[in-house]
Amino acid sequence: MSTPTLAERRERQLAHQRERDANQAARAAHERPRRSPDELREIAEEACVTFADSSADEVLAWAAQEFGQLTAVACSMADAVLPHVVARHIPWVDTLFLETGYHFAETVGTRHAVESSMQLTIVDVLPSQTVAEQDAQYGERLYERDPALCCQLRKVEPLTRTLGQYEAWVTGVRREDSPLRADTPFVTWDEKNGLVKINPLADWTFDQLIAYANEHDVVLNPLLNDGYPSIGCAPCTRRVAPGEDPRAGRWAGLDKSECGLHT
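In this report, we go over the structure that sits alongside the text.

1. Observations regarding the overall build of the protein chain
For step 1, the next point in the chain: For the protein chain, the helix and strand inventory stands at nine helices and six strands.
For step 2, the next point in the chain: For 263 residues, the compact-globule formula gives about 18 Å, and the C-alpha radius of gyration of the protein chain, at 19 Å, lands near that figure.
For step 3, the next point in the chain: When its C-alpha atoms are laid out on the principal axes, the protein chain stretches across 55 × 45 × 40 Å.
For step 4, the next point in the chain: Residue burial in the protein chain is summarised as follows: out of 263 residues, 46% are buried.
For step 5, the next point in the chain: Accessible area for the protein chain stands at about 13200 Å²; split by element, carbon and sulfur atoms hold 51% of it.
For step 6, the next point in the chain: Charged side chains in the protein chain number 27 positive and 41 negative. The centres of these two groups are separated by 4 Å.

2. Some details on the pattern of salt bridges
For step 1, the next point in the chain: Evaluation of the coordinates by the stated rule reveals twelve salt bridges.
For step 2, the next point in the chain: We note a salt bridge from Glu 167 to Arg 35, for which the minimum N-O separation is 2.8 Å. Residue Glu 167 is found in the loop between helix 8 (147-163) and strand 4 (168-170), and its partner Arg 35 is found in the loop between helix 1 (6-29) and helix 2 (37-50); the two are separated by 132 residues along the sequence.
For step 3, the next point in the chain: Arg 41 is the salt-bridge partner of Glu 191, the closest N and O atoms lying 3.6 Å from each other. Taken together, the positions of Glu 191 in the loop between strand 5 (187-190) and strand 6 (195-198) and Arg 41 in helix 2 put the pair 150 residues apart, joining distant regions of the chain.
For step 4, the next point in the chain: Here Glu 191 falls in the exposed class, since its relative accessible area comes to 53%.
For step 5, the next point in the chain: With a relative accessible area of 22%, Arg 41 lands in the partly exposed category.

3. Considerations on the packing of aromatic side chains
For step 1, the next point in the chain: A full pass over the atoms with the stated rule returns five aromatic pairs.
For step 2, the next point in the chain: Seen in terms of ring centroids, Phe 51 and Trp 62 are 5.1 Å apart; in terms of plane orientation they differ by 45°. Their pairing is tilted. Of the two residues, Phe 51 is situated in the loop between helix 2 and helix 3 (56-66) and Trp 62 in helix 3; the sequence distance between them amounts to eleven residues.
For step 3, the next point in the chain: For Trp 62, a relative accessible area of 15% corresponds to the buried category.
For step 4, the next point in the chain: Judged by centre distance (5.4 Å) and plane angle (65°), the rings of Phe 104 and Tyr 228 are edge-to-face. Separated by 124 residues along the polypeptide, Phe 104 in the loop between strand 2 (93-98) and helix 5 (105-117) and Tyr 228 in the segment after helix 9 (206-216) bring together distant segments of the chain. With respect to class, Phe 104 is no different from Tyr 228; both count as buried.
For step 5, the next point in the chain: One aromatic cluster is present, built from ring pairs that chain together Phe 51, Trp 62 and Phe 67.
For step 6, the next point in the chain: The ring of Phe 186 has Arg 175 sitting right over it, with the charged end atom 5.0 Å from the ring centre.
For step 7, the next point in the chain: We note Arg 250 situated over the ring of Trp 251; from NZ or CZ to the ring centre the distance is 4.8 Å.

Procedures and definitions
Residues numbered from 1 in each chain as written. Predicted model: local features only at pLDDT ≥ 70, side-chain atom pairs only at ≥ 80, totals over all residues. Heavy atoms only, no water. Helix = DSSP H or I, 4+ residues; strand = E, 2+ residues; numbered from the N terminus. Rg over C-alpha atoms; globule rule 2.2 N^0.38 Å. Buried < 20%, exposed > 50% of the residue type's maximum accessible area, 1.4 Å probe, protein only. Areas by Shrake-Rupley, 256 points an atom, 1.4 Å probe, with all protein chains shown as cover. Lys, Arg positive; Asp, Glu negative; His and termini not counted. Charge placed at Lys NZ, Arg CZ, Asp CG, Glu CD. Salt bridge = Lys/Arg side-chain N within 4 Å of Asp/Glu carboxyl O. Phe/Tyr/Trp six-rings, centres within 6.5 Å; stacked < 30°, edge-to-face > 60°. Lys NZ or Arg CZ within 6 Å of the ring centre and 35° of its normal.

What follows is the structure, given as structure tokens:
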């Protein structure tokens, strides 16, 4: 197969942008009010039982019908499997990328590659302060002295603020990630953020995730093949040795295993 010319690549990019813009216009023309927390809680509690033993596709087919474009996907850009799976049911779904200011260059590159190649809409979720502004108020390298506060400021608060416009969010939490996630349901009520939380890949293994990416030619962060099975901010993530827990490289040496988004 011949390599596309620069003109052909440019035309594909323009066509991709035109399709995204058309979807945004159609969404704006069919907007509906967000339902109340009580209504959404009732939906979540019923779905938790209904989809207790379902597949990712079954859960997402329901989510597409129930929430439509009031659904958001959270994606760390370790890979694009989750938004790819969701976009099959909700094309051009809003995909939230937490731009903490501390990402690996490979993660930022993955974000751009995903945006230019997939049927989804990237929404950059920004903290209230730049890194420089945070340093001025709290001192440099807050992530070393108080990683919980750093995550709160640069991840948790911005995401909570952004999720307020949606009825459901879809995450890539998997049960094998850690003991704290071992009982993750496919659908649950997120009390902290006040919306339905959907975990369609809860029962997937890491091998299944990689196999799906290979089968569908999904963008993967190159760090996954460089000893980083779990990728967070660069200052707080190290390579994992063979046989170590996949999340052992996150906040290594600290009494911390979660950023607070899922606890």
